Amino acid sequence: MSAPALRTPAARRLCAVLAAASLALAATACGGTTKGSTKNSAEDGGAAASDAKADPNAATKKDLTVAFLPKQVNNPYFTVADKGGEKAVEELGSTFKEAGPNSATDTSGQVSYVNTLTQQQVDAMAVSAQDPGALCTALKQAMKNGVKVVTYDSDTKPGCRHVFVSQASAEALGRSQVRLLGEQLGYKGEIAILSAAQTATNQNTWIGFMKDELKKPEYKDMKLVKTAYGNDDAQQSFQQTQGLLQEHPGLAGIISPTTVGIKAAAQYLSGSKYKGKVMLTGLGTPNDMRKYVKNGTVEGFELWDPAKLGALAAHTAVALSSGQITGRQGETFKAGALGTFTLGDHGVVDLGEPTVFDKKNIDRHRF
Ligand code: RAM
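Residues numbered from 1 in each chain as written. Predicted model: local features only at pLDDT ≥ 70, side-chain atom pairs only at ≥ 80, totals over all residues. Heavy atoms only, no water.

A.B. asks: Help me understand the site of the ligand, please; the structure alone is not making it clear to me.
C.D. replies: The immediate surroundings of the ligand are formed by 15 residues, with Lys71, Asp153, Asn202, Asp232 and Thr259 found nearest. At a separation of 2.9 Å, an oxygen atom of the ligand approaches a polar side-chain atom of Asn202. Here the ligand, which alone exposes 290 Å², has 100% of that area covered by the protein. Because more than half of its atoms lie within 2 Å of the grid, the ligand is assigned to the largest cavity. Secondary structure elements with two or more residues in the shell around the ligand: α3 (76-91) and α7 (201-213). A total of three residues in the shell around the ligand trace back to one element, the largest contributor, which is α7. Considered class by class, the residues forming the shell around the ligand number six nonpolar, six polar and three charged. If you count residues domain by domain, the shell around the ligand takes at least three from each of domain 1 (9-168 + 306-352) and domain 2 (170-303). (Near = heavy atom within 4 Å. Polar contact = N/O pair within 3.5 Å; in protein donor to acceptor, adjacent residues only side chain to side chain. Areas by Shrake-Rupley, 256 points an atom, 1.4 Å probe, with all protein chains shown as cover. 1 Å grid on protein atoms, 1.4 Å probe; cavity = no way out; pocket = protein on both sides within 12 Å on 5 of 7 lines; lining within 4 Å. Sits in = over half its atoms within 2 Å of the grid points. Helix = DSSP H or I, 4+ residues; strand = E, 2+ residues; numbered from the N terminus. Nonpolar A, V, L, I, M, F, W, Y, C, P; charged D, E, K, R; others polar. Domains from an automatic or database assignment.)

Written as structure tokens, this is what we have:
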């Protein structure tokens, strides 16, 4: 027999507290009955979408509280992304807040922040997930309590959020980094990957496409010898780069699909005998990498504009809270100056194409 549903505001607050404490009672008494219940079209497949029908013409709600929860607060990439989010949230007449762990491997810290934001009854949260599965229970509880959940930059499982705001197609990002490195080293030699945290959904998805790209005949003389993890920590990434070169003295190139990793690897190479000999590409910010492009350590790398990613996450969160979208494929919404976006398969929306930076264009980009 099911327990009676709790509906009053006080009960809703109690539900949030119970949810934060992960009590089974919360799931029974509060399940599916609060502010906007949530349905998963498949446990881990389709995105979570509410029962309500989307109304693309619904008025944009104001005075909402939209929280950003990055993988890591002291990472300059997220500082830029979340500033973009803040600006957009404020322009839309709502309140922005940011909370998150200092380390990209503090997943239990991220779970606690989700629970705290749920207790605080924010209207929406934008989360860059450190781990695809670990946040699920907390995020589902947030959605049951009426919080709209957007992931940005790094996804959870589709059933654990309404929409994923992706920086670009994951496939294009993975394949293009291998192509860039192939061009730089003449499609020949041993290569390594220097990633972020071992659990990071975004990096692992890109690495999957990199491995697939490497199966193509044009890469038959390129061999991936190791994937190392610098945990988005400058010192660890620096040491991992050093370790890669000690272990594989014949290494021809490194791909680092993380802004912290590529910067640390460039710093190491730049001060070593490998400068200009071991190729380095991946995902970095122009501001971090300018010096290394100019001094000949790095030929080219790529990235999207993190501020635009944050802004799109903000618009998506407000569109969900306003009922303009619910998380279903095919729904469209307006994101201010960024334009109109349509939700794709599994509730994913892509920001657009990344930019490749090299010595010809790097001075035109300041972020
Ligand atoms: C780091 C983070 C982030 C990733 C960028 C490219 O800052 O790992 O998740 O998207 O690099």
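Following the structure, the description resumes.
A.B. asks: Is there a simple way to explain the sheet that holds strand β8 (residues 189-195) in this structure?
C.D. replies: Pairing between the strands of a sheet is mediated by backbone hydrogen bonds and can be parallel or antiparallel. Read from one edge of the open sheet, four strands run β9-β8-β10-β11, paired in parallel fashion. Since the sheet does not close on itself, it has two edges, and those belong to β9 (222-229) and β11 (279-282), each with one partner. Strand after strand, the sheet turns through a mean of 25 degrees between neighbouring axes, direction not considered. In the packing of helix α6 (residues 170-184) onto the sheet, the strands contacted are β8, β9, β10 (251-256) and β11, and the crossing angle to β11 comes to about 160 degrees. (Pairing = 2+ DSSP bridges. Axes fitted to C-alpha atoms, helices over the stretch in contact; angles between N-to-C directions. Contact = heavy atoms within 4.5 Å.)

A.B. asks: What am I meant to see in the state of the cysteines here?
C.D. replies: Disulfides are covalent bonds that link the sulfur atoms of two cysteine residues. Summed over the entire model, instances satisfying the criterion amount to one disulfide. The disulfide bridge from Cys136 ends at Cys160, spanning 2.0 Å between sulfur atoms. A torsion of 90 degrees about the S-S bond marks the disulfide between Cys136 and Cys160 as right-handed. Taken together, the residues span a long stretch of sequence, with Cys136 in helix α5 (residues 136-144) and Cys160 in the loop between β6 (148-152) and β7 (163-166) at a distance of 24 residues. The two residues Cys136 and Cys160 agree in class, both being buried. (Disulfide = S-S within 2.5 Å. Buried < 20%, exposed > 50% of the residue type's maximum accessible area, 1.4 Å probe, protein only.)

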